[in-house]
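Overview (structure and organization)
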Amino acid sequence: MKFPSEPFKIKVVEPIRRTTREERERLLRESGYNLFHVPADSVYVDLLTDSGTAAMSDNQWAGMMLGDESYAGSKNYYHFEDAVRSIFGYKHVIPTHQGRMAENLLFSTVVKSGMSVPNNIHFDTTRANVEHQGAQALDLVIKEAYDPHREIPFKGNMDLVRLEETINRIGRDRIPLVMITITNNSGGGQPVSMDNIRKTRALVNRYGIPLLFDACRFAENCFFIKEREPGYADKAILEIARELFSYGDGCTMSAKKDGLVNIGGFLSLNNDQWVQDITNMLILVEGFPTYGGLAGRDLEAMARGLKEVLEEDYLAFRIGQVRYLGDLLDKAGVPILKPVGGHAVYLNAKEFLTHIPPSQFPAQALAVALYREYGIRGVEIGTVMFGKKDPATGRTIYPELEMVRLAIPRRVYTNMQITYVAESIIELHRIRESIPGLTMTYEAPVLRHFTARFEELPPR
Ligand SMILES: *Cc1c(COP(=O)(O)O)cnc(C)c1O
């Protein structure tokens, strides 16, 4: 079946409110046309992020009631440690409250000023944590990743030629580790093949450099391997995951993605010396090593979520639902980034709104229109988020792509709600000429997309 139906039934419901166009128009004006400042209860379908927005299962909620809130040695920690070890296979398991803390602990311990960290593409918090150490974050994904029309099965792969050139140019002593992000979030949720991972391992082995995974969407990546890579069709997801992680020395994880929880993360590593140093830092900034900034109940929910996320019915539905949205849009001629990745559909705003020049923020304009007309919230990934000022000329340097990301929360929306999203966007595409451009009236010096304010330009 191309688009499997929901492998669950609904036990608890959370009402969502329909708002009027007038109300949304007012909220947009008040928020300066910045959707980060629109209250969530005024959003009908919220596709801002797939992070921490999952619906937990009855089994996870039951586990929450079995929370053992002992300061040290909570039984939930041992359940969690077992779950992580059985999938990832690394010696040490360090809980953190979310992914960026795992990154911070790792990089502040092993990355020094003047070093470089190669990755397929760094996620923004990963990049920020590398740069915070005075090191350089290098994105070495294959070139095809930057072409929105290029359909290849593993568009998240590391460019092994560039990786080897980079190691030779910089020197292995200044590369404390190589990372691979699965799936490649910033490149559209595209998977990395087992073959590419195996070859990356062989390459870094020749130079004695450790390989770590940014494992946030590992189960989705393993599902793509099963579906697309020769030799994996008959293997269980768990088996694929174990092989994949066997090529690494550890991982960082935001369990807010493939942990199917609303808060939580971890770091799992083989290196004893790193772990000793990280544990000391953990106690200083996060908590004792058997809770790491979380309650016992959160650890139990994570332990159970990590098992559920490997279920094939779940993954087939999950990946299928994202693909379903992409398919409906593509068939109707709406320009999207292809192929559709694991967690989101990306609208290609440059092609959607050809009448709005990059200086008038087409992706932001599209996200605003989607909310105003239909109450759907996506997120701009374009000039507002990544545009830079040329320090010499003061002119804006525009990013390659202008996109609106529609990230699908896990197990939250029904396929009917996803159909509503598709039909809304198809209708909006028909009236696209009426969407006005924007002008920015306020910007903060860093991470401006969170607080920027805009005004609408008069319609053409
Ligand atoms: C979300 C994410 C992170 C950071 O995790 P948080 O839980 O948000 O701190 C790191 N890497 C990738 C690929 C992510 O998607």
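Residues numbered from 1 in each chain as written. Predicted model: local features only at pLDDT ≥ 70, side-chain atom pairs only at ≥ 80, totals over all residues. Heavy atoms only, no water.

**Overview of helix α3 (residues 75-88)**
When the terminal C-alpha atoms of α3 are compared, their 20 Å separation across 14 residues agrees well with the 20 Å that a helix rising 1.5 Å per residue should span. Within the sequence span of α3, burial applies to Asn76, Tyr77, Phe80, Glu81, Ala83, Val84, Ile87 and Phe88. What you see down the axis of α3 is that its buried residues fit within an arc of 165°, all on one side. Tucked into the core, α3 has its buried residues touching β2 (92-96), α8 (218-228), α9 (237-246), β7 (250-254), β8 (265-269) and α11 (296-308). The N-terminus of α3 is capped by Ser74, whose side-chain oxygen sits 3.1 Å from the backbone nitrogen of Asn76. In the stretch just after α3, Gly89 is the one whose phi turns positive, near 80°. (Helix = DSSP H or I, 4+ residues; strand = E, 2+ residues; numbered from the N terminus. Expected span 1.5 Å × (residues − 1). Buried < 20%, exposed > 50% of the residue type's maximum accessible area, 1.4 Å probe, protein only. Arc of directions from axis to C-beta. Contact = heavy atoms within 4.5 Å. Polar contact = N/O pair within 3.5 Å; in protein donor to acceptor, adjacent residues only side chain to side chain.)

**Remarks on the domain arrangement of the protein**
When cut into domains, the protein gives domain 1 (21-50 + 311-456) and domain 2 (58-308). Taking the mean C-alpha position of each, domain 1 and domain 2 sit 27 Å from one another. Counting from both sides, the interface comprises 24 residues of domain 1 and, opposite them, 30 residues of domain 2. Summed over the shared surface of domain 1 and domain 2, the result is 8 salt bridges. Ionic pairing is found between Arg318 and Glu220, a salt bridge with its closest N-O pair at 2.9 Å. For the interface between domain 1 and domain 2, the tally reads 16 residue pairs in polar contact (both at pLDDT 80 or more). Taken together, the elements giving at least two residues each to the side of domain 1 that touches domain 2 come down to α12 (312-331) and β9 (344-348). The biggest single contributor to the side of domain 1 that touches domain 2 is α12, with 7 residues. For the side of domain 1 that touches domain 2, the residue count by class is 10 nonpolar, 4 polar and 10 charged. (Domains from an automatic or database assignment. Salt bridge = Lys/Arg side-chain N within 4 Å of Asp/Glu carboxyl O. Nonpolar A, V, L, I, M, F, W, Y, C, P; charged D, E, K, R; others polar.)

**Structural notes on the sheet that holds strand β11 (residues 379-381)**
Sheet architecture is open: 3 strands sit in the order β9-β14-β11, paired in antiparallel fashion. Looking along the sheet, the strands with just one partner apiece sit at the ends: β9 and β11. On average, each strand axis in the sheet is tilted by 30° relative to the strand beside it, whichever way the strands run. Two elements, β9 and strand β14 (residues 403-407), share 5 bridges in a ladder whose sense is antiparallel. Within β14, the residue paired with Tyr346 across the bridge is Arg405. Sitting on the sheet, α12 is in contact with β9 and β14, with an inclination near 25° to β9. With respect to the sheet, helix α14 (residues 362-374) is in contact with β9, β11 and β14, its orientation differing from that of β14 by roughly 45°. (Pairing = 2+ DSSP bridges. Axes fitted to C-alpha atoms, helices over the stretch in contact; angles between N-to-C directions.)

**Remarks on the nonpolar core**
Counting residues in hydrophobic clusters, the biggest one holds 62 residues, and the most contacted among them are Phe88, Phe213, Phe218 and Phe245. Composition of this core by domain shows at least three residues from each of domain 1 (21-50 + 311-456) and domain 2 (58-308). Not counting residues within four places of it along the chain, the set of residues in contact with Phe245 comprises Ile87, Phe88, Tyr90, Ile182, Phe213, Ala215 and Phe218. The next biggest cluster of nonpolar side chains, apart from the first, holds 49 residues, and it includes Leu47, Tyr324, Tyr371 and Leu406. (Core = buried A, V, L, I, M, F, W, Y, C linked by side-chain atoms within 4.5 Å.)

**Quick word on the packing of α3 against α11**
Between α3 and α11, the shortest axis-to-axis distance is 8 Å and the interhelical angle comes to 25°. Accordingly, the angle class assigned to the pair α3 and α11 is roughly parallel. Handedness of the α3/α11 crossing: left-handed. The residues of α11 that touch α3, namely those facing Asn76, Tyr77, His79, Phe80, Ala83, Val84 and Ile87, are Gly296, Arg297, Leu299, Glu300, Met302, Ala303, Leu306 and Lys307. Per-class residue counts for the contact of α3 with α11 are 9 nonpolar, 3 polar and 3 charged. (Parallel < 35°, antiparallel > 145°, perpendicular 65-115°, else oblique. Left-handed = near helix turned anticlockwise from the far one by under 90°.)

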